[in-house]
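A closer look at the structure
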Amino acid sequence: MTRYDGDTERTFAALPPAHGRGFAQTWWGQAWLKALEDTALDSAQLKTGRRLARAGAVGAVSVRPGRLTAVVQDRDRTAHRADVLLEELSPEQWDRFLDMTVERAGHVAALLDREMPPHLVEDAAAAGVELLPGLGDLEPECDCDAWDHCGHTAALCYQVARLLDQDPFVLMLMRGRDEAALLDDLQTRGSGSAAESSEPEGVDADEAYAAGDILPPLPDLPGLPDEPGVPPSLDTETPPADGVDPAALEFLAARTAVQAHRLLAEAFRGTCEAELTVGQDAVRLAAGGPGRDVADRLADGSERGRAGLEAAVRAWHLGGTAALAVLDEEWRVEGETLARARAALESAWDADERPELRARGNRWTVEGAPVQLRLGRDGRWWPYRKERGRWVPAGGAAQDPATALTSAEPVAGDGTAPEEALLRQ
């Protein structure tokens, strides 16, 4: 909470303790602390200041032109008045700053958004106006009689860094102008400008990263959760609106969480796959084990029908989009690809064991048996078998066609007719 006293003073209520967080998240807040830490001669006093500020020992902060004031309590509850002085800008410097700022609408917009982009500070410096404090600019005064920064003035500076994060106009007030007066001056100068600048607004990349030595480091990436999140239950006493199926929504939310977890895992590995088509996504959802009603809707929506969707789900479980493409696509094998396929089939079996194969497109069917090999576009072989008049995936892919075909063959020696054995799961 902020209280205004007159036109040129703001009083900020004491901030809560800052356990587990840094004091400055913005680059200008970091620059403020850099000015303190580069100036202070005693690192132990800085450490004391950080501890006091983090514990919430800094009282209400008064900000006025050229001065910060707060009461800081020691660990033994002894109170000290701490002041930090910062030189105000001269009237001539304010004129140069205001003239520079109105020339670029982006500067004004940034301030109104409580931002202080590096190019604003750089342009001000080019005009001879140093907005941020530098080495030795933060002058301490404390009733503990320390001649340099003590723990009390350091604590005040650390606390003010948090205030600057929230509102860079705090810095402007320390430099001599409160927010209302500054915005009035900018409006007056802006309306008095007769010509609009034809130069495009924006920030060059070089300008944006010019303050790299004081920008805070990026936070570490969060770890990948062990399991997908569990969406909240929609089983409430409130009846659903017309046309809303709570069970379908719960299923969709759960599968979305699974998909999000998978995409995040791929991003961590750097192996993101192409975006799924609508038809592929319908199979992905069906692979999550929906209820009968949802499965029927997915079967209709994907135009596969119930049996077709079951085959597609089986393919999805065996190999995702690659297996689904082998199920759906029949393509002509020719040229070098055909030569490699024939060579693989010739070398896969001894001459007396090689099955008789009938080729059509990328599919080789064993004569007299309901089993088939399909060649994927990546050169792997997929086993298929015929169940109830439909070709369905029978196993995972293999580089060797003989190994793949073994997955599709009937179980030998169990007395079961070949067709019945092929129907086993």
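To keep things clear, this report deals only with the structure shown in the data block. (Residues numbered from 1 in each chain as written. Predicted model: local features only at pLDDT ≥ 70, side-chain atom pairs only at ≥ 80, totals over all residues. Heavy atoms only, no water.)

When helices and strands are tallied, the protein chain shows 16 helices and eleven strands. By residue count, 39% of the 425 residues in the protein chain fall in the buried class. Taking as baseline every contact in the protein chain between residues at least 6 positions apart, the subset at least 24 positions apart corresponds to 63%. Accessible surface for the protein chain amounts to roughly 23600 Å². Of this, 50% is attributable to carbon and sulfur atoms. (Helix = DSSP H or I, 4+ residues; strand = E, 2+ residues; numbered from the N terminus. Buried < 20%, exposed > 50% of the residue type's maximum accessible area, 1.4 Å probe, protein only. Contact = heavy atoms within 4.5 Å. Areas by Shrake-Rupley, 256 points an atom, 1.4 Å probe, with all protein chains shown as cover.)

Let us now look at the pattern of salt bridges. With the rule as written, the count across this model stands at 24 salt bridges. With a shortest N-O distance of 3.5 Å, Arg297 and Asp245 are connected by a salt bridge. Of this pair, Arg297 sits in helix 12 (residues 292–302) while Asp245 sits in the loop between helix 9 (205–208) and helix 10 (246–269); the two residues are 52 residues apart in sequence, bridging distant segments of the chain. Looking at Arg297, the relative accessible area reads 52%, which means it is exposed. For Asp245, a relative accessible area of 29% puts it in the partly exposed group. (Salt bridge = Lys/Arg side-chain N within 4 Å of Asp/Glu carboxyl O.)

A contiguous nonpolar patch, built from Leu221, Leu224, Leu264 and Phe268 and spanning about 380 Å² of accessible area, is present on the exposed surface. Tracing the chain through its elements places Leu221 in the loop between helix 9 and helix 10. (Patch = residues over 30% accessible without salt bridge, like charges linked within 9 Å, V, L, I, M, F, W, Y side chains within 5 Å.)

To continue, consider the sheet that holds strand 10 (residues 381–387). In a beta sheet, neighbouring strands pair by backbone hydrogen bonds and run either parallel or antiparallel. Strand order across the open sheet formed by five strands is 7-8-9-10-11, with antiparallel pairing between neighbours. With one partner strand each, in any of the chains shown, strand 7 (357–360) and strand 11 (390–393) form the two edges of the open sheet. Neighbour-to-neighbour, the strand axes of this sheet turn through a mean angle of 30°, independent of strand direction. Pairing between strand 10 and strand 11: four bridges, direction antiparallel. Within the sheet, the bridge partner assigned to Arg385 lies in strand 11 and is Val392. Relative to strand 11, helix 13 (residues 305–328) is tilted by about 50°, and along the sheet it contacts strand 8 (363–366), strand 9 (371–375), strand 10 and strand 11. Along the sheet face, helix 15 (residues 401–408) touches strand 8, strand 9 and strand 10 and points at about 25° away from the line of strand 10. (Pairing = 2+ DSSP bridges. Axes fitted to C-alpha atoms, helices over the stretch in contact; angles between N-to-C directions.)

A few words now on the environment of Gly288. With respect to the helices, strands and loops of the structure, Gly288 is situated in the loop between helix 11 (278–286) and helix 12. Note on Gly288: relative accessible area 27%, which makes it partly exposed. Taking the C-alpha atoms as reference points, Gly288 and Val313, separated by 25 residues in sequence, lie 9.0 Å from one another. Residues in contact with Gly288, not counting those within four places in the same chain, are Phe251 and Arg255.

Bringing unusual backbone geometry into the picture now. Backbone geometry places Arg77, a non-glycine residue, at a positive phi of 75°. Here Arg77 is to be found in the loop between strand 4 (67–73) and strand 5 (79–85).

On to the pairing of strand 5. When you tally the buried positions in strand 5, you get five out of seven residues, the bulk of the element. Between strand 4 and the antiparallel strand that follows it, strand 5, lie five residues; Arg77 among them carries a positive phi value of about 75°. Judged from the four bridges that link them, strand 5 and strand 6 (residues 139–142) form a sheet pairing that is antiparallel. Directly across from Leu85, in strand 6, lies its bridge partner Glu139.

Counted at 1.5 Å a residue, the expected span for helix 14 (residues 335–348) with its 14 residues is 20 Å, and the 20 Å between its end C-alpha atoms agrees. If you follow the buried residues of helix 14, they end up packed against strand 7, strand 8, strand 9, strand 10 and helix 15. (Expected span 1.5 Å × (residues − 1).)

What the rule picks out here adds up to four aromatic pairs. Measuring from ring centre to ring centre gives 5.1 Å for Phe23 and Tyr158, while their planes differ by 45°; the resulting arrangement is tilted. With Phe23 in the loop between strand 2 (10–12) and helix 1 (27–39) and Tyr158 in helix 6 (residues 151–166), this pair connects stretches of sequence that are 135 residues apart. Assigned by exposure class, Phe23 and Tyr158 land together as buried. Arg374 extends its terminal NZ or CZ atom over the ring of Tyr384, reaching a point 4.0 Å from the ring centre. (Phe/Tyr/Trp six-rings, centres within 6.5 Å; stacked < 30°, edge-to-face > 60°. Lys NZ or Arg CZ within 6 Å of the ring centre and 35° of its normal.)

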